[in-house]
Amino acid sequence: MSIQKILASFCAIALITGAGVTMPASAATTMNAVAPTGMASTTFKVPGMTCADKACNAAIYMALHRLQGVKKIQIRDRALTVTVQYDQKAVKVPTLLNVFRQVGYPASIVQP
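The structure reproduced in this document is the subject of the present report. Everything numeric here is computed off the predicted structure, so don't read it as measured data.

## Considerations on unusual backbone geometry
Unlike most non-glycine residues, L80 shows phi in positive territory, near 55°. Here L80 is to be found in the loop between strand 3 (70–76) and strand 4 (81–87).

## A closer look at the nonpolar core
In summary, soluble globular proteins display a tendency toward joint burial of nonpolar side chains. By size, the foremost hydrophobic cluster in this structure holds 23 residues, and its most contacted members are V46, L64, V82 and L96. Breaking this core down by element, the ones donating at least two residues are strand 2 (39–45), helix 2 (55–65), strand 3, strand 4 and helix 3 (93–102). With 5 residues, the single largest contributor to this core is helix 2. Other than its neighbours up to four places away in sequence, L96 contacts F44, L64, L67, V70, V84, Y86 and V91.

## A word on the packing of aromatic side chains
Counting across every chain of the model gives 1 aromatic pair. An angle of 45° between the planes, with centres 5.0 Å apart, marks the rings of F44 and F100 as tilted. Taken together, the residues F44 in strand 2 and F100 in helix 3 connect sequence positions 56 residues apart. According to the relative accessible area criterion, F44 is buried, its value standing at 0%. Taking the relative accessible area as the measure of exposure, F100 reaches 1% and is therefore buried.

Definitions and limits used
- Residues numbered from 1 in each chain as written.
- Predicted model: local features only at pLDDT ≥ 70, side-chain atom pairs only at ≥ 80, totals over all residues.
- Heavy atoms only, no water.
- Helix = DSSP H or I, 4+ residues; strand = E, 2+ residues; numbered from the N terminus.
- Core = buried A, V, L, I, M, F, W, Y, C linked by side-chain atoms within 4.5 Å.
- Buried < 20%, exposed > 50% of the residue type's maximum accessible area, 1.4 Å probe, protein only.
- Contact = heavy atoms within 4.5 Å.
- Phe/Tyr/Trp six-rings, centres within 6.5 Å; stacked < 30°, edge-to-face > 60°.

If you want it as structure tokens, here you go:
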């Protein structure tokens, strides 16, 4: 089993059990304080993300994690937001919004 699969499983378990998790989507990728060229970060409001057992979080995390170019996913339960750091060349915001819809949690972009 690859380290990426192990970390993804760990994150899913942590989300289900209620532990707060901010974890890179790729174990081989580390993010610097300054995002490299081509990297973007978008925060999404996900009002339907209210599962007490964290199943919502796990479903969202796993779906986003599968996208090529997604580097980091941060889920904030209380704020009902998900921040995704990604490579703009590999993935676009409409694709991210579509993933939220596909897993049953329509989202909107949080304007800065």
